[in-house]
Amino acid sequence: MLSRLREQIWADWIWFPEGYGWADLTDHDGKVYPKTQDLWVTIPIALCFLVIRQIFERTVGTPLASILGVTDKKRVRASPNPVLEPYFCSTSKNPTQSSIEVLSKQSGCSVRQVQRWFRRRRNQERPCKLKKFREASWRFTFYLVAFFAGLAALIDKPWLYDMKQVWEDFPKMPLLPSEYWYYMIELGFYLSLIFSIASDVKRKDFKEQIIHHVATISLISFSWLVNYIRAGTLIMLVHDSSDSFMEAAKMFNYAGWRNTCNIMFTTFAAVFIFTRLVILPFWIIHTTFVYPLTLYRPFLGFYFFNGLMFVLQALHIFWAILILRMVVKFLPGNHIVEDERSDKDETESEDEDGGHEKLQNGHAQNGHAQNGHTPLNNNHSKKD
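This text gives an overview of the structure that appears in the document. Just so it is clear, the structure is predicted and the values come from calculations on it, not from any experiment.

Criteria and thresholds
- Residues numbered from 1 in each chain as written.
- Predicted model: local features only at pLDDT ≥ 70, side-chain atom pairs only at ≥ 80, totals over all residues.
- Heavy atoms only, no water.
- Helix = DSSP H or I, 4+ residues; strand = E, 2+ residues; numbered from the N terminus.
- Buried < 20%, exposed > 50% of the residue type's maximum accessible area, 1.4 Å probe, protein only.
- Contact = heavy atoms within 4.5 Å.
- Expected span 1.5 Å × (residues − 1).
- Bend = angle between axes of the 7 residues up to and from the residue.
- Core = buried A, V, L, I, M, F, W, Y, C linked by side-chain atoms within 4.5 Å.
- Polar contact = N/O pair within 3.5 Å; in protein donor to acceptor, adjacent residues only side chain to side chain.
- Axes fitted to C-alpha atoms, helices over the stretch in contact; angles between N-to-C directions.
- Parallel < 35°, antiparallel > 145°, perpendicular 65-115°, else oblique.
- Left-handed = near helix turned anticlockwise from the far one by under 90°.
- Nonpolar A, V, L, I, M, F, W, Y, C, P; charged D, E, K, R; others polar.

**Comments concerning the overall build of the protein**
A tally of helices and strands in the protein yields 13 helices and 2 strands. Looking at the protein as a whole, 49% of its 384 residues qualify as buried. For the protein, long-range pairs separated by at least 24 residues make up 81% of all intrachain contacts whose partners lie at least 6 apart in sequence.

This is the structure:
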């Protein structure tokens, strides 16, 4: 029964134009074609990326952060409190005013003390600037290398200049070694992002990032299975073209290099909008969705592939709106770019004015010791 179900799912008429099928992807006469089992290689590649990333962040990212002057401001830790801690962990990290008043009575602390405790506790869970810099430096390095490697692999390919060539002899286009490694490395990298998602810096668009990674992995994998590889290489090249500028902007943001950050971000915004709102929809998606209808009758695989493309395009529009909002914010006053997706450390101005009130074992201990903590400058919130 399972064998029959598998045959129905992978039937030729579902994934290929009429008259073509999986038999056309059988190796012959020295020509090699993509195979399903090839994708298993991406798992060890992804694991290798995780190891390389840890080594890179320690040996390159950390020293580079020191050279650029990336420093973390000391955060005041929230004192242990048996009433507030369980509420923070299991109920809400941002209690309402009425909840704060109830917690004040339960803990024996003033309302201001409870508010201050929650601010400090939230700040404790936010990643430090050094962690964000190291993550950005790793992604910057990969995207930069991947873009130029992809460009080198495609520079002599006719479909880079005439996108209709992606359908030339489809699906009988033999696999080239450069295409094989380009696909395996890109897919392995995106898998590594899924594996490390629990420890990576979380943004406000966390769900959209998950959707993007899943859609990208599905798109790359499916295009490999049915030999849409030429279109896939163009899609990967377009995506890598702008991402290195974004990561560079974040790095300079964390370092406090305001003008350099603004230049990098402006460049990123221009390249992102041109590649993902112009080239991708009007050239590449037109080539994968409109042009094939002049060659073949529509089939389910055609709709599945382009459905993933439209998911990515919708996410690009969503991010373009965020990017334009950031551009509007920083251009008039020439301020550093603020990331619409980022959490910001909350300041504690009342601590600056006086008392460092401690919460210990559910009771307030009043005092006026200076905490040495200066307000974090929200203008230095990052781009990513």
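**Section: helix H3 (residues 42–68)**
Compared with an ideal rise of 1.5 Å per residue, which puts 27 residues at 39 Å, H3 spans 34 Å between its outermost C-alpha atoms and falls more than 12% short. Taking the largest bend as the criterion, H3 deviates by roughly 40°, centred on Glu57. Of all the positions in H3, only Thr42, Ile45, Ala46, Phe49, Arg53, Phe56, Glu57, Gly61, Ala65 and Leu68 are classed as buried. As for H3, its buried residues are in contact with helix H7 (129–154), helix H8 (177–195) and helix H10 (229–255).

**Section: the nonpolar core**
Formed by 61 residues in total, the largest nonpolar core has its most connected members in Trp224, Tyr228, Ile284, Phe305 and Met309. If you list the elements that add at least two residues to this core, you get helix H2 (12–15), H3, H7, H8, helix H9 (206–225), H10, helix H11 (258–290) and helix H12 (300–333). Looking at which element gives the most residues to this core, the answer is H8, with 9 residues. Filtering out sequence-adjacent residues up to four positions away, Trp224 remains in contact with Pro34, Lys35, Asp38, Leu39, Leu175, Glu179, Tyr180, Tyr183, Met184 and Ile229.

**Structural notes on the side chain of Lys250**
Here Lys250 lies in helix H10. Taking relative accessible area as the criterion, Lys250 reaches 1% and is therefore assigned buried. Reaching out from Lys250, the side chain makes a polar contact with the side chain of Glu247 at a distance of 2.5 Å.

**Describing the packing of H7 against H10**
Interaxial distance between H7 and H10 falls to 7 Å at its minimum, and their mutual angle equals 150°. By the angle class used here, H7 and H10 are roughly antiparallel. In this structure, the crossing between H7 and H10 has a hand that is left-handed. Per-class residue counts for the contact of H7 with H10 are 14 nonpolar, 5 polar and 7 charged.

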